[in-house]
Amino acid sequence: MARDAGRSPGAQPHADEVDLIVAAWRRETPQLDVEPLEVLSRVARLARHLDRLRRDAFAAHELETWEFDVLAALRRAGAPHELSPGQLVVQTLVTSGTMTNRVDRLAGRGLVQRRPAPDDGRSVRVRLTAEGAAVVDAALADLVRAEHRMLAVLDERERRSLATLLRRVAAPFERSGAAG
């Protein structure tokens, strides 16, 4: 966009709200290089759209986003689809108290069950039930279909390139544990 600074946002082939925001900031604060807004404001806005898309996909299966996150972590663990509460805390980035509450609620719905850890009777494992697996699988299928539609404006090469670029930007945060 820096090369298009002289063009009006409406003249851009695919102008969006961020073009208008960036143009206004360039007009009002010409001393600042607001170029990062062109990428990161779009990422932030896209994240809000993705949150809505995910909430809708999960709601169709009577799941909240946090419920999907816990069930999905268990499903991804492979057979027998169980993890310790501590492993769930790490995977879902919540506190142990929050995880206890979440497991209680999911167990109350019959989507998970607590089992004694085989190697330590004082510890528990959280296991996905057959009903939990069916719900998370169906929700994932709907989510993936919706995300495919969201990315349909890009061809396969563009999607791979975008994934590579986003991975490079996100990697320092992921490595430092600052993600979340």
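In case you missed it, the structure is sitting above this.
Calculation criteria
- Residues numbered from 1 in each chain as written.
- Predicted model: local features only at pLDDT ≥ 70, side-chain atom pairs only at ≥ 80, totals over all residues.
- Heavy atoms only, no water.
- Helix = DSSP H or I, 4+ residues; strand = E, 2+ residues; numbered from the N terminus.
- Pairing = 2+ DSSP bridges.
- Contact = heavy atoms within 4.5 Å.
- Axes fitted to C-alpha atoms, helices over the stretch in contact; angles between N-to-C directions.
- Salt bridge = Lys/Arg side-chain N within 4 Å of Asp/Glu carboxyl O.
- Buried < 20%, exposed > 50% of the residue type's maximum accessible area, 1.4 Å probe, protein only.
- Expected span 1.5 Å × (residues − 1).
- Arc of directions from axis to C-beta.
- Core = buried A, V, L, I, M, F, W, Y, C linked by side-chain atoms within 4.5 Å.

Chemist: What is the right way to read unusual backbone geometry from this model?
Modeler: Leaving glycine out, the prevailing phi sign among residues is negative, and the prevailing peptide bond configuration is trans. The linkage connecting A79 with the following residue, P80, adopts the cis geometry, with an omega of 10 degrees. Mapping P80 onto the fold places it in the loop between α3 (65–76) and β1 (82–83). Of note in this structure, E62 is not a glycine but carries a positive phi near 55 degrees. Relative to the elements of secondary structure, E62 occurs in the loop between α2 (35–59) and α3.

Chemist: Before we go on, may I ask you to explain the sheet that holds strand β3 (residues 120–128) in this structure?
Modeler: Whether parallel or antiparallel, the strands of a sheet pair through hydrogen bonds between backbone atoms. Read from one edge of the open sheet, three strands run β1-β3-β2, paired in antiparallel fashion. Sheet topology places β1 and β2 (112–117) at the edges, where each strand pairs with a single neighbour. In this structure, β1 lies alongside β3, joined through two bridges in antiparallel fashion. Directly across from E82, in β3, lies its bridge partner R127. Seen against the sheet, α3 touches β1, β2 and β3 and runs at an angle of roughly 100 degrees to β3.

Chemist: Before we go on, may I ask you to explain the pairing of β3 in this structure?
Modeler: For a regular strand, side chains alternate in direction, first toward one face of the sheet and then toward the other. Summarising the sheet, β2 and β3 pair through six bridges and their orientation is antiparallel. When the bridges of β3 are listed, Q113 appears paired with R127. Adjacent in sequence and paired antiparallel, β2 and β3 are bridged by two residues.

Chemist: In this structure, what is going on with the pattern of salt bridges? I would like to understand it.
Modeler: Tallied over the full model, the rule gives 13 salt bridges. The partner of R42 in a salt bridge is D16, and the shortest N-O contact between them spans 2.8 Å. Linking R42 in helix α2 with D16 in the segment before α1 (17–28), this pair joins segments that are 26 residues apart in sequence. Overall, D16 belongs to the partly exposed group, its relative accessible area being 29%. A salt bridge links E82 to R125; the nearest nitrogen and oxygen atoms lie 3.4 Å apart. Here the residue E82 occupies a position in strand β1, and R125 occupies one in strand β3, the gap between them amounting to 43 residues. For E82, a relative accessible area of 12% puts it in the buried group. Salt bridges sharing partners connect three or more residues here, namely E82, R115, R125 and R127.

Chemist: Where do I start with helix α5 (residues 96–108) in this structure?
Modeler: Every α-helix carries 3.6 residues per turn, so stepping three or four residues along brings you back to the same face. Helix length check: α5 (13 residues) gives 18 Å between terminal C-alpha atoms against 18 Å at 1.5 Å per residue, within 8%. Among the residues of α5, those classed as buried are M99, R102, V103 and L106. Across the axial projection of α5, the buried residues extend over an arc of 100 degrees, all falling on one side. Residue G110 follows α5 closely and has a positive phi angle near 80 degrees.

Chemist: Could you clarify how one ought to interpret the side chain of T129 in this entry?
Modeler: Looking at the secondary structure, you find T129 in the loop between β3 and α6 (130–150). On the basis of relative accessibility, which here comes to 13%, the residue T129 falls in the buried class. Apart from residues lying up to four places away in sequence, T129 is in contact with G110, L111, V112 and Q113.

Chemist: Looking at this model, I keep getting lost on the nonpolar core. Mind explaining?
Modeler: For soluble globular proteins, nonpolar side chains are generally found buried alongside one another. L63, F68, L71, L74 and L88 are the most contacted members of the largest nonpolar core, which has 28 residues in total. When contributions to this core are tallied by element, the ones reaching two or more residues are α2, α3, α4 (85–92), α5, β3 and α6. The element best represented in this core is α3, accounting for seven residues. With residues up to four places along the chain from it excluded, the contact list for L88 reads V70, A73, L74, L83, M99, V103 and V126.

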